Amino acid sequence: MAAEMTIVSEKIRNFVTRIVVSAPYLTALTIQMEAKKVLFISQEVYPYVPETSMSKLGCDIPQSIHGREFEVRIFTPKYGCINERRNQLHEVIRLSGLNLMIDDNDHPLIIKVATLLPSRMQVYFIDNDDYFRPLPDKGLETEAIPEDNDERLMFFTAGVMETVKKLRWQPSIIHCSGWVSALAPLYLRTKYADDPTFRTSKIVYALQPERFDGTLDPRLVEKLEQNEFPSESLSAISGTPVDYLALNKFAIDYSDAVMQVTEDVDPALIEYARNSGKPFLEFTPAEERKKKMSEFYRGLIGDDENDF
């Protein structure tokens, strides 16, 4: 009996020794396999808004890379046409309630969240009754009420930044998709440049063909200056009408990298991106997109490991 107990004790001792010896390796493996956080700031996401090329890509691209290597969350406007009951949106009280100042007016920030299937990815919605409200024809406010688009972009962008800070969720990559997200690079590289949440994030601006008519409000620069943006940071859009091309070029200027989402992006923007000297991922067919985007992201964050 004593001999058997000795054998058992020896086996236990050997097992514990193997665990202790392996601990550094296991810790390194855990660190190595920790998913990189990717924040998508998206103009449209299907199925919450009607199906278009942009909204489908707003759904498909994040889901294609969400997994063991990348943990993805999406932020998008809570357009008035979004059916909250059907899409199971609910307000997040702890994230809501902040007032955002735009043009000397307070606008309450309301945050809602839903789960995008089948990936079970979290989608956060930036809401406010002044900028996002139901329309008779169930269209998008960006198209039906374009005169408010400058303030709508400012509110949406500030709402994303403040909410991500509250979540204490530090993204390695911030992927801005569509012209509604075009002010995000400016905010990240000026107003939030020293914030620990975003300080090391890499900004990717995704070029899309969808555009808006005309120009944004001529007082856009003045309103941004009221929100403590230095005049020199706005020089590229000062004293000139801010149309679709100017807004997208401005976003490229403040981004770390650029990607072309579809084949039919305006050639002037593609040329501007190439000439910027920033890393540029040209159009990639859907079947190659996940691999190419993963490689592109890894190159930006200095992670050259193979796919998991």
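What counts as what
- Residues numbered from 1 in each chain as written.
- Predicted model: local features only at pLDDT ≥ 70, side-chain atom pairs only at ≥ 80, totals over all residues.
- Heavy atoms only, no water.
- pLDDT = per-residue confidence, 0-100.
- Contact = heavy atoms within 4.5 Å.
- Phe/Tyr/Trp six-rings, centres within 6.5 Å; stacked < 30°, edge-to-face > 60°.
- Helix = DSSP H or I, 4+ residues; strand = E, 2+ residues; numbered from the N terminus.
- Buried < 20%, exposed > 50% of the residue type's maximum accessible area, 1.4 Å probe, protein only.
- Pairing = 2+ DSSP bridges.
- Axes fitted to C-alpha atoms, helices over the stretch in contact; angles between N-to-C directions.

Enquirer: Give me the confidence of the model for the chain: which residues, what numbers.
Expert: Summary statistics for the chain give a mean pLDDT of 90 and a share of 87% for residues scoring 70 or more. Overall, residues 19-32 carries pLDDT values under 50, and its contacts beyond four positions in sequence, including any with other chains, amount to 2 contacts. Taken together, the stretch residues 304-308 has pLDDT below 50 and engages in 11 contacts with residues farther than four places along the chain or on a different chain.

Enquirer: Hey, could you go over the packing of aromatic side chains for me, with residue numbers and the actual values?
Expert: Throughout the structure, instances matching the rule amount to 10 aromatic pairs. The interplanar angle of 65° and the centroid separation of 4.7 Å between the aromatic rings of Y187 and F229 together place this pair among those described as edge-to-face. Residue Y187 is located in helix α5 (residues 184-189), and its partner F229 is located in the loop between α6 (220-226) and α7 (244-253); the two are separated by 42 residues in the primary sequence. Of the two residues, Y187 and F229, neither departs from the other in class, the shared state being buried. With centroids separated by 5.4 Å and ring planes inclined at 80°, the aromatic side chains of F250 and Y254 adopt a geometry described as edge-to-face. An identical accessibility class is assigned to F250 and Y254; each is buried. One aromatic cluster is present, built from ring pairs that chain together W179, F212 and Y244.

Enquirer: Go over the sheet that holds strand β1 (residues 36-42) with me, naming the residues and quoting the values.
Expert: Here we have 9 strands laid out as an open sheet, ordered β3-β6-β7-β2-β1-β8-β9-β10-β11, and mixed in their pairing. Because the sheet does not close on itself, it has two edges, and the strands there are β3 (90-91) and β11 (280-281). Examined bridge by bridge, β1 and strand β2 (residues 70-77) share 6 bridges and lie parallel to one another. Looking at the pairing, K36 lines up with F70 of β2. Packing against the sheet, helix α2 (residues 53-65) makes contact with β1, β2, β6 (110-116) and β7 (121-127), and its axis sits at approximately 160° to β2.

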